[in-house]
Structures are given as C-alpha cells and as structure tokens.
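Residues per chain, in single letters:
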Amino acid sequence: DHAGATLRVKTAVEVAGSLKAKSQADDTATGIPVKVDAEMIYDELGVANAGLVSLRHYWKAEAALDVNKSEQQRALRTDRNLILLSAGSASSDRITSPRGALLRSELELLDVPATVFPPERLLPTKPVSKDETWSHNDEVLAELLRLQSVTSNEVTSAVTEVTDAVAKIKLSGKMQGKVDGVSTKIQLVGNYHFDRRNKIVSWIAIAIKEDREVGFAAPGFQVTTRVRSVRQALAQSK
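Residues numbered from 1 in each chain as written. Predicted model: local features only at pLDDT ≥ 70, side-chain atom pairs only at ≥ 80, totals over all residues. Heavy atoms only, no water.

1. Describing the overall build of the chain
If you tally the helices and strands in the chain, you get 2 helices and 13 strands. Rg of the C-alpha trace for the chain: 18 Å, near the compact-globule value of 18 Å for 238 residues, within the 12% margin. In terms of overall dimensions, the chain has C-alpha extents of about 60 × 45 × 30 Å along its principal axes. Nonlocal contacts in the chain, meaning residues at least 24 apart in sequence, comprise 56% of its contacts between residues at least 6 apart. When the accessible area of the chain is evaluated, it comes to approximately 12,800 Å², of which 48% is carbon and sulfur surface. The averaged location of the 30 negative side-chain charges in the chain is 3 Å from the averaged location of its 32 positive side-chain charges. (Helix = DSSP H or I, 4+ residues; strand = E, 2+ residues; numbered from the N terminus. Rg over C-alpha atoms; globule rule 2.2 N^0.38 Å. Contact = heavy atoms within 4.5 Å. Areas by Shrake-Rupley, 256 points an atom, 1.4 Å probe, with all protein chains shown as cover. Lys, Arg positive; Asp, Glu negative; His and termini not counted. Charge placed at Lys NZ, Arg CZ, Asp CG, Glu CD.)

2. Quick notes on the nonpolar core
Generally speaking, nonpolar side chains in soluble globular proteins are found buried as a group. By size, the foremost hydrophobic cluster in this structure holds 54 residues, and its most contacted members are Leu110, Met175, Leu188 and Tyr192. With residues up to four places along the chain from it excluded, the contact list for methionine 175 reads Leu141, Leu145, Leu147, Val150, Ser152, Asn153, Val155, Thr184, Lys185, Ile186 and Leu188. (Core = buried A, V, L, I, M, F, W, Y, C linked by side-chain atoms within 4.5 Å. Buried < 20%, exposed > 50% of the residue type's maximum accessible area, 1.4 Å probe, protein only.)

3. Regarding the pattern of salt bridges
Under the criterion given, the structure shown has 16 salt bridges. Between glutamate 44 and arginine 56 there is a salt bridge, with the nearest N and O atoms lying 2.7 Å from each other. Linking glutamate 44 in strand β2 (residues 29-49) with arginine 56 in strand β3 (residues 52-67), this pair joins segments that are 12 residues apart in sequence. Each member of the pair, glutamate 44 as well as arginine 56, is classed as buried. One salt bridge in this structure joins arginine 212 and glutamate 210, with 2.8 Å as the shortest N-O distance. In this structure, arginine 212 and glutamate 210 share a single accessibility class: buried. Where salt bridges share partners, they join Glu44, Arg56, Glu120 and Arg231 into one cluster. (Salt bridge = Lys/Arg side-chain N within 4 Å of Asp/Glu carboxyl O.)

4. Some details on the pairing of strand β4 (residues 70-75)
Pairing of β3 with β4, which is carried by 6 bridges, proceeds in the antiparallel orientation. What sits directly across from glutamate 62, in β4, is alanine 75. Hairpin connection between β3 and β4: a loop of 2 residues separates the two successive antiparallel strands, and asparagine 68 in this loop has a positive phi of roughly 55 degrees. (Pairing = 2+ DSSP bridges.)

5. Comments concerning the packing of aromatic side chains
A complete count under the given rule lists 1 aromatic pair for this structure. Relative to tyrosine 58, the ring of tyrosine 42 lies with its centre 4.8 Å away and its plane at 45 degrees, an arrangement referred to as tilted. Taken as a pair, tyrosine 42 in strand β2 and tyrosine 58 in strand β3 lie far apart in primary sequence, 16 residues in all. Looking at tyrosine 58, the relative accessible area reads 4%, which means it is buried. (Phe/Tyr/Trp six-rings, centres within 6.5 Å; stacked < 30°, edge-to-face > 60°.)

6. Considerations on the pairing of strand β9 (residues 156-162)
Pairing between strand β7 (residues 133-135) and β9: 3 bridges, direction antiparallel. Residue pairing across strands places serine 135 opposite threonine 156, the latter belonging to β9. Bridge count between β9 and strand β10 (residues 166-179): 6 bridges; the pairing is antiparallel. By the bridge assignment, glutamate 161 is partnered in β10 with lysine 168. The turn linking β9 back onto β10 is made up of 3 residues.

7. What to know about the side chain of aspartate 43
Within the secondary structure layout, aspartate 43 lies in strand β2. Side chain to side chain, aspartate 43 and arginine 8 meet in a polar contact 2.2 Å long. Within polar-contact distance, the side chain of aspartate 43 engages the side chain of serine 237 at 2.6 Å. Ignoring sequence-local partners within four residues, the contact set of aspartate 43 consists of Leu7, Arg8, Leu55, Arg56, His57, Trp59, Leu234 and Ser237. (Polar contact = N/O pair within 3.5 Å; in protein donor to acceptor, adjacent residues only side chain to side chain.)

Below you can see the structure in the form of structure tokens.
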C-alpha cells in the first residue's frame, strides 16, 4: 500500500508489433505495423480515499507513434498535468483531471499497462522466504493490464534475492482476459525490487506479450509492450 507516500516516477514505454484489422473483401485479418516510444515523469501522492488511488503531477508525458510508417506525436497538455487515478480496471473514467476534460489521445497516452497501478499490489499478503512463489488474484492482474475481466490466470511471483535494503522479485506466467467483450491472450515476464527501508517498489520492468482479437469497434493487435519504471521516495513534492 503506497497511500501517503510521495514519489518521483520515471517511466519508459516501448511497444512493437502489429494492429489486426479485418479485410472488407474476405473477413481475414491483416497486419499493420505499429511502434510506440513513450516517456513519462511525474510526482505521485498515494491516496486511499473515496475510491482514489493517487494524485499525480506530470512533468512530462510524451509519445512518438509510428503506424504503418505514418508518424504521430502525442503529449499531455500542460494545463491538464494534474491527474487523478481511481481504483478499477480498464475504463477511461479511471483517469481524470480536475482541470478539465482529457482528449482521447491523452487518455491513450496515460492509460498504459503497469503504469496506472500501484505495483505494491503485486507484493505478497503474508511473509515469504527466498524462492517461495505466490500467485496474483484476477482483480490485481486486471488492474495491472487494464483489462475488464480475467478468464484464466497462471501468473506468479517469487523472491530471488534479499538484502537489508532490497528484495528482488521475478514475475512470470500466462493469462487470458477480456476488454469490451474481446478476448486477449497475454504472456508476462518481469522483475521488480521492493525497497525495504522506504516500503515501496522502487523499480519495475515488465514485458507484456499480448494477442488481442479484432473487436466490433476497435482493431486487434499482436504486440510486445515493455515498461520500465524507477520510483524514488520524496520528502515532499514542490
């Protein structure tokens, strides 16, 4: 639980793969290459009140997109850099700004798996020893990966190393879920470090290999998303 903690977070996101769109001629899926590189820097205050998870001030939130060799730039407007995150899984109303409505492009920029989520929720709920494995419940994984539901889940974590300062943990496994009624298959591999002195996850790196079916209103995709975050405890945020 990171409620009450103030953090400086730096996150890099890389996405590579292809979008899947159905051909109007024969209903077969065609692949459209896609690549995304994004960077986010923000100060975060953990909150546990009225369904809120955290309050963030974004110093930077930018992304470069390349869809079928067509380049686009995305950025969060400076007058929307104060963001509230609410509890729950995939839904645009989980990400809001008290300064006004967000654009769809801004929501897509911020609504990235493993970033709209306190990684402390991955930690075990009881003491564990080195090499001991624990599973993650469906609700936690739905929030981690921005899914509306999880239909199967074989994801586990295990402590690989412990010192006085840090516990190093690995995460891996397969799962399936749904978003807007569309099925998706996911394979996870990652590592995260628990800062034993500050009681926070200070570093997390996770690779998300996802194969999502084509929906009625949105294309499917077959991509690998790599997320890396460094989280530093702050005495205060200006």
